[in-house]
Amino acid sequence: MKELIYSQLYRPAVDRFGERSGVVDGPVRHTWDQHDERVARLCGALGGELGVARSDRFAGMALNGHRYL
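Novice: In this structure, what is going on with the overall build of the protein chain? I would like to understand it.
Specialist: What the protein chain contains, in helices and strands, is 2 helices and 2 strands. Ordered by position in the sequence, the α and β elements of the protein chain form the string α-β-β-α. Structurally, the protein chain occupies a C-alpha span of about 35 × 35 × 20 Å along its principal axes. By residue count, 16% of the 69 residues in the protein chain fall in the buried class. The contacts in the protein chain between residues at least 6 apart in sequence include a share of 33% that link residues at least 24 apart.

Here it is as structure tokens:
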């Protein structure tokens, strides 16, 4: 059985549903494309500004909501 890896599910969803709503949190709505942009900025900040390498492990504690998705 093939592993279910997040990136294997995420990229095709962005490609297929880019303009559709992907995040709904009360009055906040983001398309898959907008969410993908936020993910890319976060990844860039983790590596570029915070020095987190691909092999590093880290955790984040947050409340439920669109900001922490």
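Moving on from the model shown.
Novice: Is there a simple way to think about the pattern of salt bridges in this case?
Specialist: A side chain of one charge can pair with a side chain of the opposite charge if their charged atoms are brought near each other. By the definition in use, this model includes 3 salt bridges. Where R11 meets D36, a salt bridge forms, and the shortest distance between an N and an O atom there is 2.9 Å. Residue R11 is located in helix 1 (residues 6-17), and its partner D36 is located in helix 2 (residues 32-48); the two are separated by 25 residues in the primary sequence. By relative accessible area, which is 36% here, R11 ends up partly exposed. Look at D36 and you get buried, because its relative accessible area is 19%. R41 is the salt-bridge partner of E37, the closest N and O atoms lying 3.5 Å from each other.

Novice: Would you mind showing me how to read the packing of aromatic side chains here?
Specialist: A ring pair, where both rings are aromatic, is described by two values, the distance of the centres and the angle of the planes. Throughout the structure, instances matching the rule amount to 1 aromatic pair. Taking 6.4 Å as the distance between ring centres and 55 degrees as the angle between the ring planes, the aromatic pair formed by Y10 and W32 counts as tilted. With a gap of 22 residues between them, Y10 in helix 1 and W32 in helix 2 connect regions that are remote in the sequence.

Novice: Sorry, what's going on with the environment of A40 here?
Specialist: Within the secondary structure, A40 sits in helix 2. Owing to a relative accessible area of 46%, A40 belongs among the partly exposed residues under this scheme. Along the sequence, A40 and A62 sit 22 residues apart, while their C-alpha atoms lie 19 Å from each other.

Here is what the cut-offs are and how they apply
Residues numbered from 1 in each chain as written. Predicted model: local features only at pLDDT ≥ 70, side-chain atom pairs only at ≥ 80, totals over all residues. Heavy atoms only, no water. Helix = DSSP H or I, 4+ residues; strand = E, 2+ residues; numbered from the N terminus. Buried < 20%, exposed > 50% of the residue type's maximum accessible area, 1.4 Å probe, protein only. Contact = heavy atoms within 4.5 Å. Salt bridge = Lys/Arg side-chain N within 4 Å of Asp/Glu carboxyl O. Phe/Tyr/Trp six-rings, centres within 6.5 Å; stacked < 30°, edge-to-face > 60°.

As far as function goes, none of this settles anything; it's purely spatial.
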